[in-house]
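For reference, the chains in residue letters:
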Amino acid sequence: LDWDPKGKLRFSALQSDVGRSLLQAHGRAADDISSIVLVRTDGAYTKSDAILGISEELNPLPFVPMKPLSRLASGLVPQFLRDLIYDGVADNRYSIMGIRDECRFDADGEFDDRFVDDGLASGP
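Since the structure is predicted, the reported quantities are computational estimates derived from the model, not experimental observations. (Residues numbered from 1 in each chain as written. Predicted model: local features only at pLDDT ≥ 70, side-chain atom pairs only at ≥ 80, totals over all residues. Heavy atoms only, no water.)

Asks: Help me understand the overall build of the protein, please; the structure alone is not making it clear to me.
Replies: Within the protein, the regular secondary structure consists of five helices and two strands. Element order for the protein, N to C, with α for helix and β for strand: α-β-β-α-α-α-α. Counting over 124 residues, the protein shows a buried share of 24%. If you take every contact in the protein between residues at least 6 apart in sequence, the share linking residues at least 24 apart comes to 45%. Here the protein displays about 8900 Å² of accessible surface, and carbon together with sulfur accounts for 57% of that area. For the protein, the distance from the average position of its 14 positive side-chain charges to the average position of its 21 negative side-chain charges is 7 Å. (Helix = DSSP H or I, 4+ residues; strand = E, 2+ residues; numbered from the N terminus. Buried < 20%, exposed > 50% of the residue type's maximum accessible area, 1.4 Å probe, protein only. Contact = heavy atoms within 4.5 Å. Areas by Shrake-Rupley, 256 points an atom, 1.4 Å probe, with all protein chains shown as cover. Lys, Arg positive; Asp, Glu negative; His and termini not counted. Charge placed at Lys NZ, Arg CZ, Asp CG, Glu CD.)

Asks: Quick question: what am I supposed to make of unusual backbone geometry here?
Replies: Most peptide bonds take the trans configuration, and most residues that are not glycine carry a negative phi. The phi dihedral of Lys-47 is positive, around 50°, even though this residue is not glycine. Topologically, Lys-47 is positioned in helix α2 (residues 47-57).

Asks: Teacher, can you tell me more about the nonpolar core here?
Replies: Soluble globular proteins: nonpolar side chains tend toward being buried together. Ranked by size, the top nonpolar core spans five residues in total: Leu-9, Leu-38, Ala-50, Ile-54 and Leu-58. Those residues within four positions of Leu-58 in sequence are excluded, and the remaining contacts are Trp-3, Asp-4, Leu-9 and Met-66. (Core = buried A, V, L, I, M, F, W, Y, C linked by side-chain atoms within 4.5 Å.)

Asks: What's the story with the confidence of the model for the protein in this structure? I'm lost.
Replies: Should pLDDT be low for a region, the predicted coordinates there are not to be read in detail. Averaged over every residue, the pLDDT of the protein is 83; the share at 70 or more is 92%. Across the protein, the secondary-structure element scoring lowest on mean pLDDT is helix α5 (residues 93-97), at 80, and the one scoring highest is helix α4 (residues 79-91), at 93. (pLDDT = per-residue confidence, 0-100.)

Asks: So what exactly am I meant to see when it comes to the pattern of salt bridges here?
Replies: The tally for this structure, following the rule as stated, stands at eight salt bridges. Across the pair Asp-32 and Arg-28 runs a salt bridge, and its minimum N-O distance is 2.7 Å. Residue class for Asp-32 comes out buried when judged on its relative accessible area of 18%. Look at Arg-28 and you get partly exposed, because its relative accessible area is 26%. As a salt-bridge pair, Arg-82 and Asp-49 come within 2.8 Å of each other at their nearest N and O atoms. Here Asp-49 lies in helix α2 and Arg-82 lies in helix α4, a separation of 33 residues in the sequence. A relative accessible area of 22% places Asp-49 in the partly exposed class. Each member of the salt-bridge network shares a partner with another, and the members are Lys-8, Arg-40, Glu-56, Glu-57 and Arg-71. (Salt bridge = Lys/Arg side-chain N within 4 Å of Asp/Glu carboxyl O.)

Asks: Please explain the pairing of strand β1 (residues 37-40) as it appears in this structure.
Replies: A regular strand places its side chains so that they alternate between the two faces of the sheet. Where β1 meets strand β2 (residues 43-46), four bridges bridge the pair, whose relative direction is antiparallel. Among the inter-strand pairings, Val-39 is bridged to a residue of β2, identified as Ala-44. In this antiparallel pair of consecutive strands, β1 and β2, the connection spans two residues. (Pairing = 2+ DSSP bridges.)

Below you can see the structure in the form of structure tokens.
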């Protein structure tokens, strides 16, 4: 959230109604929560493709060119190798990044517009 100051990205739990609907709309099983998923107008991306696509939109520091770096990694590193790295990090994320006892809570509602309303799955 902090690295997306322009609010380009929206979030939804894959287990939510809208998450399940988005998965199905892009040809994935509604109960497939095996990977991070990036949904764009041109399709749904998983694992390293999702991470690199998300990275293109982030701006952690003004002088770090994430978009060209992400595209370079996509072109130079074969997908099977990128996905192996993704799986390794995903399987060991708690030992790599630690476990927190609390979740970041948005008490002031600053990021409410970044989370997709689950009611969208049921339509108007």
